[in-house]
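Per-entry structural report
Letter by letter, the chains look like this.
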Amino acid sequence: MTLSRVKYGAAMAVAAVTVTMFAAAPATAADSKTWTRYCGGDTRTYTAKVSDHEATTKRNSGDCAGLAYVRIKVQGSWGTWASSSGTAKRLSPVYEIEASQHKDCNCSTANIYTLYP
């Protein structure tokens, strides 16, 4: 066997593995939303994101007090709210997230957004 045949065989094996890896990789969808909360004369922006297995609400710049909140719907049921002064996160490592809800404060004036991966 010549060296060129060995190189050709190795290149074909690498190509086959690469094609298999790309074909087997799961497709991930994502949705996101950015909004501004107004409180008195102040504002604060929030960013929400959801993918198949992770949902986050991030508290960005601004002066309004309050936390970021997120919860996810998995297998037909809504989970509890997670909160953070930075980025609130919910994970579902096994089951795909069906929907997520994001809000900017735990109050009657909260802006609640529902996202779908």
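From a predicted model like this one, the values you see are computed outputs, not experimental measurements. (Residues numbered from 1 in each chain as written. Predicted model: local features only at pLDDT ≥ 70, side-chain atom pairs only at ≥ 80, totals over all residues. Heavy atoms only, no water.)

**A word on the state of the cysteines**
Scanning the model with the defined rule gives two disulfides in all. Across the disulfide, Cys-39 is cross-linked to Cys-64 (sulfur-sulfur distance 1.7 Å). Here the S-S torsion is close to -115 degrees, and the disulfide linking Cys-39 with Cys-64 is therefore left-handed. Taken together, the residues Cys-39 in strand β1 (residues 30–39) and Cys-64 in the loop between β3 (54–62) and β4 (68–74) connect sequence positions 25 residues apart. The buried category is assigned to Cys-64, whose relative accessible area is 1%. The disulfide partner of Cys-105 is Cys-107, and the S-S distance across this bridge is 2.0 Å. Given the relative accessible area of 4%, Cys-105 is considered buried. Assigning the bonded cysteines of the protein chain consecutive numbers by sequence position, one obtains the connectivity 1-2, 3-4. (Disulfide = S-S within 2.5 Å. Helix = DSSP H or I, 4+ residues; strand = E, 2+ residues; numbered from the N terminus. Buried < 20%, exposed > 50% of the residue type's maximum accessible area, 1.4 Å probe, protein only.)

**Remarks on the packing of aromatic side chains**
Here the structure, examined in full by the defined rule, presents three aromatic pairs. Ring centres 4.6 Å apart and planes at 45 degrees place the aromatic pair Trp-35 and Tyr-113 in the tilted group. Separated by 78 residues along the polypeptide, Trp-35 in strand β1 and Tyr-113 in strand β9 (residues 112–115) bring together distant segments of the chain. Note on Tyr-113: relative accessible area 23%, which makes it partly exposed. Taken together, the aromatic side chains of Trp-35, Tyr-46 and Tyr-113 make up a single cluster linked through ring pairs. (Phe/Tyr/Trp six-rings, centres within 6.5 Å; stacked < 30°, edge-to-face > 60°.)

**A few points about the pairing of β3**
Of the pairings in the sheet, the one linking strand β2 (residues 42–51) to β3 comprises six bridges and is antiparallel in character. Its bridge partner being in β3, Lys-49 is matched across the sheet by Thr-56. If you look at the hairpin formed by β2 and β3, you'll find two residues sitting between the two strands. Where β3 lies against strand β7 (residues 87–91), five bridges are found, and the strand directions are antiparallel. For Glu-54, the partnering residue across the bridge sits in β7 and is Leu-91. (Pairing = 2+ DSSP bridges.)

**With respect to the environment of Lys-33**
Following the sequence through the fold, Lys-33 ends up in strand β1. The partly exposed category is assigned to Lys-33, whose relative accessible area is 30%. Distance from Lys-33 to Leu-115, taken between C-alpha atoms, is 8.0 Å for residues 82 residues apart in sequence. With residues near it in sequence (within four places) discarded, Lys-33 still touches Tyr-46, Thr-47, Ala-48, Tyr-113 and Leu-115. (Contact = heavy atoms within 4.5 Å.)

All we've got here are geometric facts, nothing functional implied.
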